[in-house]
Amino acid sequence: MESFDQSLVPSSAHQDEAEPAYRASEPARPASGTETEAFQQAILAKLTYDVGTDPAHATDHDWFTATALAVRDRAMDRWMVSKGRNQAGDKQVCYFSLEFLIGRLLSDTLNNLRLTDCARDALAGLGVDLDRIRAIEPDAALGNGGLGRLAACFMESMASLEVPAYGYGIRYEHGLFRQELRDGWQQELPEDWLIRENPWEFERSDLVYRVTFGGFVEEFPASGRPTRFAWKPAETVQAVAFDTPVVGWRGRHVNTLRLWSARAAEPLRLDAFNSGDHVGALADRARAEAISRVLYPGDETEAGRELRLRQEFFFTSASLQDLLARHTRLHGDLHTLPDHAAIQLNDTHPALAVAELMRLLVDERHLAWDDAWAIATRTLNYTNHTLMPEALERWPVSLMEQLLPRHLQIIYHINWLHLEPLIRRSADIELIKAVSVIDESQGRYVRMGHLAFIGAHKVNGVSALHTDLMRQTVFRDLNALYPGRIVNKTNGITFRRWLHQANPQLTQLLTQELGEAVLDDPGALIKLERLADDSAFQDRFRSQRSASKISLAKLVADRTGVQIDPSALFDIHIKRIHEYKRQLLNILEVVALYDAIRSEPGRHWVPRVKIFAGKAAASYHRAKLIIKLANDVAKIVNSDPVVAGRLKVVFLPNYNVSLAETIIPAADLSEQISTAGMEASGTGNMKLALNGALTIGTLDGANIEIRECVGEENIFIFGMTAEEVETYRKAGLHRDRAGWSARFENAISLISAGAFSPDDPHRFDSLIHALSSDDTFMVAGDFDSYWATQRRVDELWQEPSAWSRASVLNTARVGWFSADRTIREYADDIWKVPV
Ligand code: 26V
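Since we're looking at a predicted model, the values are computed, not measured.

Participant: Looking at this structure, how should I read the site of the ligand?
Facilitator: The environment of the ligand is formed by 16 residues, the closest being H385, N491, E679, S681 and G682. H385 is positioned such that a nitrogen or oxygen atom in its side chain is 2.6 Å from an oxygen atom of the ligand. With respect to the ligand, the backbone of G682 contributes an N or O atom lying 2.8 Å from an oxygen atom. Coverage of the ligand by the protein amounts to 78% of the 580 Å² it exposes when considered alone. Residues belonging to the shell around the ligand are distributed by class as follows: 7 nonpolar, 7 polar and 2 charged.

Structure representation (structure tokens):
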């Protein structure tokens with residue numbers, strides 16, 4: 001692969017040696033005419049023999065299934081070859097993640113096998129439109145947001161780089177809820193991606209592990225030998241494997257995503273059933289199968305929290321058992337585990353792996369504690385994805401004791417061995433409390449981040465700033481005890497999905513100008529720099545963008561009824577709805593802009609469409625109120641003739657991976673406006689910049705590195721830095737209304753006066769009150785800077801050539817954010833696997 005121009009690599013990053021991106025093996029190439037015919041025959045055969053219908057009666061769904069099965073076949077040989085290679089003794093990566101936010105797989109697989117045109121032609125010959133078929137596939141939404149989508153990008157990238165890897169997670173029957181808006185309020189509806197057959201997966205009914213819960217621990221003291229412990233659990237659940245092939249770029253390598261489904265050990269209590277208790281006879285089964293029923297069960301209740309802990313242990317235990325079984329089969333001796341496997345814990349959700357791996361090695365395989373600990377800590381690694389205190393996982397000791405009594409003992413022992421040297425040297429008690437795995441400040445809790453940190457070989461953050469903050473805040477004392485353990489691995493995205501597939505128009509322009517090599521080497525994008533000032537190229541760049549904007553305008557009209565002008569500035573804010581992501585700051589700017597236009601309707605205003613999309617957690621009332629506010633503001637603004645043609649506001653419902661694929665190519669402006677210090681990295685910021693959107697953002701997460709890559713003049717940075725936020729907070733200024741500007745005051749009073757909620761003028765009082773009394777997220781503190789920067793955006797927009805130049809330079813200079821670069825760094829520094 002071409003090395004990145006040194007000036008484009010953020011200073012915080014290490015430069016890789018120049019080396020080819022892909023090994024030369026027979027790459028998948030676009031299909032020929034005879035291949036198209038063969039593929040057509042394959043689809044017809046699937047339609048007849050697997051779907052059980054014929055072309056005259058086939059529905060779009062039947063065609064989708066037949067096509068997916070035909071495509072899947074093309075990956076099978078490669079999968080078997082890759083599996084063979086994986087077995088050959090190469091080190092394998094095991095990516096443990098409670099979430100994989102995959103989206104649709106048909107386009108991904110077709111694209112990576114270079115079969116898109118072949119499939120299009122084959123289907124066209126049968127009178128079927130590929131795009132219509134693609135739209136049938138449900139999104140696999142087995143994740144909430146950034147963390148789950150990162151896991152999906154990493155899986156694709158590992159396959160593309162031929163890194164032998166297993167993704168391990170849960171096969172949720174219901175993924176992230178479907179969002180509907182009723183009168184502007186979010187409603188959550190169950191998501192049903194498995195209601196029809198999933199053509200990508202293989203059920204491995206013979207690959208089943210027992211995962212147990214509850215019960216008690218028996219001790220077997222022996223003189224001269226360490227006491228042995230045996231866990232006598234009360235409950236057993238079976239974990240059944242479902243495998244999905246993950247096809248890498250050009251089909252050179254295929255990895256496995258192995259998701260576990262929970263099944264009751266006993267399907268039915270026959271005695272109870274026969275005695276007439278038909279429901280009670282199935283109770284154990286319902287309880288067992290609840291584990292893989294839904295992604296992220298509500299954690300408002302005790303029962304919800306317990307289910308979540310059961311999910312975490314369930315997939316962690318099954319995955320470790322699977323890994324140990326494979327290792328034993330291939331290599332025999334467990335002492336060599338770290339030479340053949342690297343486990344990456346995606347956040348703390350699988351942090352119980354530290355205790356479970358110790359239990360499996362010591363209690364079940366009878367290794368000595370110290371040997372087992374050396375194996376575990378050389379195999380495990382942990383990625384942290386947030387520093388927000390409310391999001392740091394901790395489990396009540398009482399719950400752990402009841403559900404996982406042996407693991408609690410092991411955790412206590414790990415903690416003792418970790419604290420004992422400090423106690424011996426009479427370290428400060430505050431230090432001991434700070435680094436202890438058990439938090440005893442209010443009640444007793446197991447700190448999962450601490451457990452993962454202590455059990456890991458390497459611990460990483462996901463952007464340069466985030467990693468620095470990890471060292472300075474949450475993990476400060478642990479970092480001092482284990483210096484060098486924390487490393488940075490700035491996130492990346494897979495360009496195959498987020499450029500090639502999502503934006504074929506731009507991709508075509510890029511291959512025309514830069515050649516096919518740009519598909520293999522994100523570093524080649526930099527050659528676009530020389531065209532940034534070329535007006536003929538700019539025209540072509542704008543025209544492909546305008547095609548994407550027309551598509552988005554059509555989608556907006558279909559889904560919301562709002563007509564938007566594709567020539568307006570599309571200002572896009574898409575991500576989970578969260579106070580720290582500050583959708584509210586954006587809405588307040590809309591309100592201020594609306595008021596300004598109404599006050600001076602005769603002035604020239606840049607036509608803008610503000611587009612929001614994102615889901616709020618079902619129990620996060622304030623986030624849901626923010627959605628309602630966006631919708632209320634939209635209603636008033638969109639029906640006001642005074643601002644017609646200058647301002648429109650849209651909230652697109654049910655944001656998901658597929659919707660993102662349509663929105664991102666059409667974005668002119670990318671809103672990345674989190675309170676500095678709170679967004680660990682962001683990855684939407686990378687997707688939008690890659691597709692030519694200019695960023696308006698704070699110096700937070702990976703925005704900082706994006707600025708270093710694209711250049712200060714091609715990004716709109718505003719607001720307080722993370723350090724300034726700290727100072728501001730310490731000075732108590734976030735509790736002081738006195739500093740509010742007249743413009744901010746005015747926007748707030750419009751909302752308070754019910755200008756957008758005439759039916760219920762007090763609807764937003766709680767939001768406004770929070771801003772006035774404790775503006776935790778610095779909405780007021782950053783507003784004026786945000787407003788002023790938005791006006792700079794307006795100015796640049798009025799110079800189409802200057803805007804396009806900046807836009808081209810964004811695409812040209814963000815090659816470094818390819819997930820391939822991130823995966824190479826993990827492979828080199830953490831996993832020690834060759835790439
Ligand atoms: C944060 C919070 C904060 C307050 C309470 C509820 C809550 C729940 C979840 C989270 C975030 C959990 C972890 C996560 O998804 N982190 C995201 O990981 C992405 C991939 O590394 C990264 O780009 C995002 O910045 C980060 O928020």
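Participant: Help me understand the sheet that holds strand β24 (residues 716–717), please; the structure alone is not making it clear to me.
Facilitator: Sheets are built from strands paired through backbone hydrogen bonds, the pairs being either parallel or antiparallel. Reading across the sheet, the 6 strands line up as β21-β20-β19-β22-β23-β24 and stay open at both edges, with parallel pairing between neighbours. The open sheet is flanked by β21 (647–652) and β24, the only strands paired with a single partner. With 2 bridges joining them, strand β19 (residues 569–574) and strand β22 (residues 669–672) adopt parallel strand pairing. By the bridge assignment, D571 is partnered in β22 with L669. The sheet strands contacting helix α22 (residues 535–560) are β19, β20 (608–613) and β21, and the helix crosses β21 at an angle near 70°.

Participant: Before we go on, may I ask you to explain helix α29 (residues 742–752) in this structure?
Facilitator: Note on helix geometry: an α-helix contains 3.6 residues per turn, so any two residues three or four positions apart are oriented the same way. By the burial criterion, the buried members of α29 are F744, A747, I748 and I751. Along the axis of α29, the buried residues cluster in a sector spanning 95°; they form a single face. Those residues of α29 that are buried lie in contact with α23 (583–599), α24 (621–638), α30 (765–773) and α31 (779–797). G754 sits one or two positions beyond α29 and adopts a positive phi of about 85°.

Participant: Would you take a moment to explain the pairing of β21 for this structure?
Facilitator: Consecutive side chains along a regular strand alternate between the two faces of the sheet. Across the 6 residues that make up β21, a large majority, 5, are buried. For the handedness criterion, the β-α-β arrangement of β20, α24 and β21 is classed as right-handed.

Participant: Any chance you could explain unusual backbone geometry here in plain terms?
Facilitator: Among all residues save glycine, negative phi is the norm, and among peptide bonds the norm is trans. Even without being a glycine, E162 presents a positive backbone phi close to 60°. Tracing the backbone shows E162 in the loop between α6 (146–160) and β4 (165–170). For R250, which is not glycine, the phi torsion reads 60° and is therefore positive. Within the element layout of this structure, R250 appears in the loop between β10 (235–247) and β11 (254–264). R250 gets classed as buried once you look at its relative accessible area, which sits at 4%.

What counts and what doesn't
Residues numbered from 1 in each chain as written. Predicted model: local features only at pLDDT ≥ 70, side-chain atom pairs only at ≥ 80, totals over all residues. Heavy atoms only, no water. Near = heavy atom within 4 Å. Polar contact = N/O pair within 3.5 Å; in protein donor to acceptor, adjacent residues only side chain to side chain. Areas by Shrake-Rupley, 256 points an atom, 1.4 Å probe, with all protein chains shown as cover. Nonpolar A, V, L, I, M, F, W, Y, C, P; charged D, E, K, R; others polar. Pairing = 2+ DSSP bridges. Helix = DSSP H or I, 4+ residues; strand = E, 2+ residues; numbered from the N terminus. Contact = heavy atoms within 4.5 Å. Axes fitted to C-alpha atoms, helices over the stretch in contact; angles between N-to-C directions. Buried < 20%, exposed > 50% of the residue type's maximum accessible area, 1.4 Å probe, protein only. Arc of directions from axis to C-beta. Right-handed = clockwise from strand over helix to strand, strands pointing away.

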